[in-house]
Amino acid sequence: MAGVNGGLVLGRTAVVTGAAQGIGLAIARILYEHGANVVVTDQDAALAVTAAEGLGGGESVSSLGCDVTDEEAVTAAVGHAVDRFGRLDILVNNAGITRDATMGKMTVADFEAVVDVHLKGTWLGVRAAAEVMRQARSGSIINISSLSGKSGNFGQTNYSAAKAGIVGLTKAAAKELAGRGVRVNAVQPGLIRTAMTAAMPPDVFAAREADIPMKRAGEPYEVAGAVLFLASDLSSYMTGTVLEVGGGRMM
Ligand SMILES: NC(=O)c1ccc[n+]([C@@H]2O[C@H](COP(=O)([O-])OP(=O)(O)OC[C@H]3O[C@@H](n4cnc5c(N)ncnc54)[C@H](O)[C@@H]3O)[C@@H](O)[C@H]2O)c1
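In the nomenclature of an unreviewed UniProt entry, the protein chain corresponds to 3-oxoacyl-ACP reductase FabG from the organism Sphaerisporangium flaviroseum.

See below:
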């Protein structure tokens, strides 16, 4: 299977966090289909195994339980990629959660949980991958932000703050690593059809869709395409950028 569709990341090794389902799984799939060795990581280790088996990648796909808020687990995921495949070329910080509530109802625990997974988790991933990539003098790190971090969403003060923070983190890390041949970019998806958005009340989902110039939610593979571009040499002169994948929302 490796090398089909032109093999844009042929022979590279990728780690994707939160990859057991949704956008992360679509990212793992497209990287695999374009020739990469892929480590499917997720805090739900059993689901990560099933997801990796579903890719059907045999020797070029591996899975690992990894909670991105756990420093040791994140370091271990990077180490696993190097041990198993001999290198780390691509890291996608995708794991995410929501704990939506208006500020009157949001607890400190809701705020901390979301900031921990998105912001601390992404920072831990960038730091661990950078350690390996700067020695190799090459690599591409892609952080999954959200248009919520650009516009701010009602009921998402925690999530919007974390996703905006990921943009700042991406740019700062890009500046630190540019001279070492390591690129760091972010993707801001809009409304994408996954388990995360299936939790929204149907009328709210429909209203959000109606607001999108393309008049529909996106599919996980449509985010994965932007990630593949940033992971590959097609984007070799891009770092510190934010790609919006939102059907024209917030332009
Ligand atoms: N779905 C959307 O509309 C949308 C829009 C913009 C951004 N995003 C972002 O895209 C990413 C993927 O979202 P999704 O819609 O596929 O969500 P999802 O809920 O379908 O999948 C998220 C995955 O992350 C894993 N995860 C959660 N906490 C984790 C942790 N601490 N460590 C490791 N893994 C963990 C979950 O087990 C799950 O497999 C998230 O960062 C999300 O914020 C989603």
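As for the overall build of the protein chain
In terms of regular secondary structure, the protein chain is built from nine helices and seven strands. Relative to the 2.2 N^0.38 estimate, which gives 18 Å for 251 residues, the radius of gyration of the protein chain is 17 Å and therefore close to what a compact globule would have. The C-alpha extent of the protein chain, read off along each of the three principal axes, is 50 × 35 × 35 Å. The proportion of buried residues among the 251 residues of the protein chain is 51%. Contacts in the protein chain between residues at least 24 apart in sequence constitute 70% of all its contacts with a sequence separation of at least 6. For the protein chain, the computed accessible surface area is about 11,200 Å², with 55% contributed by carbon and sulfur atoms. On the protein chain, the mean spot of the 21 positive side-chain charges and the mean spot of the 24 negative ones are 8 Å from each other.

Things to note about the sheet that holds strand β6 (residues 182-189)
Spatially, seven strands are ordered β3-β2-β1-β4-β5-β6-β7 in an open sheet, and the strand pairing comes out parallel. Where the open sheet ends on each side, the last strands, each with one partner, are β3 (61-65) and β7 (242-245). The sheet shows a mean angle of 20 degrees between the axes of neighbouring strands, direction not considered. Taken together, the four bridges between strand β1 (residues 13-16) and strand β2 (residues 37-42) define a ladder with parallel strand orientation. The residue of β2 that forms the bridge with T13 is N37. In the packing of helix α9 (residues 220-231) onto the sheet, the strands contacted are β4 (90-93), β5 (139-144), β6 and β7, and the crossing angle to β6 comes to about 165 degrees.

Details of the packing of helix α1 (residues 22-33) against α9
The description of two helices packed together rests on the angle between their axes and the distance between the axes. Their axes nearest at 8 Å, the elements α1 and α9 cross at an angle of 50 degrees. With respect to α9, the axis of α1 lies oblique. Seen from above, α1 lies across α9 with right-handed handedness. Side by side, α1 and α9 meet where G22, I23, A26, I27, I30 and L31 of the first sit next to P220, Y221, V223, A224, G225, V227, L228 and A231 of the second. Residues that form the contact of α1 with α9 fall into these classes: 12 nonpolar, two polar and no charged.

A short note on the nonpolar core
Ranked by internal contacts, the top residues of the largest apolar core, which has 34 residues, are I27, L31, V40, V92, I142 and V187. Only β1, α1, β2, α2 (45-55), β4, β5 and α9 provide two or more residues apiece to this core. Looking at which element gives the most residues to this core, the answer is α1, with eight residues. Grouped together as the second largest cluster of nonpolar side chains are 30 residues, A77, A129, A173 and V184 included.

Some details on the site of the ligand
Residues in close proximity to the ligand total 28 residues, the closest being D42, N94, Y159, I192 and T194. The contact in question runs from an oxygen atom of the ligand to an N or O atom on the backbone of I192, over 2.8 Å. In this structure, an oxygen atom belonging to the ligand sits 2.5 Å away from a side-chain N or O atom of T194. Starting from 820 Å² of accessible surface for the ligand in isolation, the protein chains cover 93%. Only α1, α4 (108-136), α6 (157-177) and α7 (195-198) provide two or more residues apiece to the shell around the ligand.

Notes on the UniProt feature "domain: Ketoreductase" (unreviewed entry) in the protein chain
UniProt's feature table lists "domain: Ketoreductase" (unreviewed entry) at residues 12-195, given in the numbering used throughout. Helix makes up 51% of residues 12-195 and strand 18%, whereas the separation of the span's terminal C-alpha atoms amounts to 29 Å.

Calculation notes
Residues numbered from 1 in each chain as written. Predicted model: local features only at pLDDT ≥ 70, side-chain atom pairs only at ≥ 80, totals over all residues. Heavy atoms only, no water. Helix = DSSP H or I, 4+ residues; strand = E, 2+ residues; numbered from the N terminus. Rg over C-alpha atoms; globule rule 2.2 N^0.38 Å. Buried < 20%, exposed > 50% of the residue type's maximum accessible area, 1.4 Å probe, protein only. Contact = heavy atoms within 4.5 Å. Areas by Shrake-Rupley, 256 points an atom, 1.4 Å probe, with all protein chains shown as cover. Lys, Arg positive; Asp, Glu negative; His and termini not counted. Charge placed at Lys NZ, Arg CZ, Asp CG, Glu CD. Pairing = 2+ DSSP bridges. Axes fitted to C-alpha atoms, helices over the stretch in contact; angles between N-to-C directions. Parallel < 35°, antiparallel > 145°, perpendicular 65-115°, else oblique. Left-handed = near helix turned anticlockwise from the far one by under 90°. Nonpolar A, V, L, I, M, F, W, Y, C, P; charged D, E, K, R; others polar. Core = buried A, V, L, I, M, F, W, Y, C linked by side-chain atoms within 4.5 Å. Near = heavy atom within 4 Å. Polar contact = N/O pair within 3.5 Å; in protein donor to acceptor, adjacent residues only side chain to side chain. UniProt positions renumbered as here; feature names shortened; annotations may be inferred.

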